[in-house]
Amino acid sequence: MTLLHETLTFERDYDASPARLFAALADPRSRARWAVPEGARLVYDAADFRVGGIDLCRCGAPDDLRYHVENRYLAIEPSERIVLSETVREGDRILSHSLNSFEIAATATGVRLNLTIQLAAPEPGMAAGVRHGHSAALDNLVDELALHALENA
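Residues numbered from 1 in each chain as written. Predicted model: local features only at pLDDT ≥ 70, side-chain atom pairs only at ≥ 80, totals over all residues. Heavy atoms only, no water.

Q: Quick question: what am I supposed to make of the sheet that holds strand E4 (residues 64-77) here?
A: Note: strands within a sheet are paired through backbone hydrogen bonds, in either parallel or antiparallel orientation. Judged by pairing direction, the sheet is antiparallel, and its seven strands sit side by side in the order E1-E7-E6-E5-E4-E3-E2 without closing on themselves. The outermost strands of the open sheet, each flanked by one partner alone, are strand E1 (4-14) and strand E2 (41-46). Averaged over all pairs of adjacent strands, the angle between their axes in this sheet comes to 25°, without regard to strand direction. Here five bridges tie E2 to strand E3 (residues 54-61), and the two strands are oriented antiparallel to one another. Residue Ala 46 lies in a different strand from E3, and its bridge partner there is Leu 56. In this fold helix H1 (residues 18-26) packs onto E1, E4, strand E5 (81-90), strand E6 (93-106) and strand E7 (111-121), with an angle of close to 165° to the strand it touches most, E6. (Pairing = 2+ DSSP bridges. Helix = DSSP H or I, 4+ residues; strand = E, 2+ residues; numbered from the N terminus. Axes fitted to C-alpha atoms, helices over the stretch in contact; angles between N-to-C directions. Contact = heavy atoms within 4.5 Å.)

What follows is the structure, encoded as structure tokens:
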């Protein structure tokens, strides 16, 4: 089986501080709220946000969490970057492996997030699914950051 390789890049500007954005990326309760497209659900079975730590979660339709995700944290620099490896499975079938790099930078009006995903997948449709899911999640992050701003107002 041949693996297909693709590099996906995302860039978003947010009205938040680098520390607040980093907190939303680091906290599994926060990620469970924003990190899936509308109509999907994400449940963490384990979360260990530290270099070498592993997150285990399930996602999919709210009543069918068929996709299992394992993230291993490779590098964490608070308010600057997170690098992780990710494997997505459906049952025993591996759907993809990736290296995900989240880079955080202050801007004049808030913060910029650059996400680069280097994807290896055995099926061509996986890249489109990853692109859709991450794009929707990063759009959802706007509401998550606004919610925190309201809570602290």
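More follows now that the structure is in view.
Q: Explain the pairing of E6 here, please?
A: For a regular strand, side-chain orientation follows a simple rule: the groups alternate between the two sheet faces. In this structure, E5 lies alongside E6, joined through 10 bridges in antiparallel fashion. Bridging from a neighbouring strand, Arg 89 pairs with Ile 94 of E6. In textbook terms, the turn of a hairpin is the stretch between consecutive antiparallel strands, and for E5 and E6 this stretch comprises two residues, one of which, Gly 91, has a positive phi near 65°. The hairpin turn running from E6 into E7, its antiparallel successor, is four residues long.

Q: Looking at this structure, how should I read the environment of Leu 95?
A: Mapped onto the elements, Leu 95 comes out in strand E6. Here Leu 95 falls in the buried class, since its relative accessible area comes to 8%. Separated by 26 residues in sequence, Leu 95 and Val 69 place their C-alpha atoms 9.9 Å apart. The contacts of Leu 95, once residues within four sequence positions are left out, are Tyr 67, Val 88, Arg 89, Glu 90, Ala 121, Pro 122 and Met 126. (Buried < 20%, exposed > 50% of the residue type's maximum accessible area, 1.4 Å probe, protein only.)

Note that all results are geometric; they support no functional claim without further evidence.
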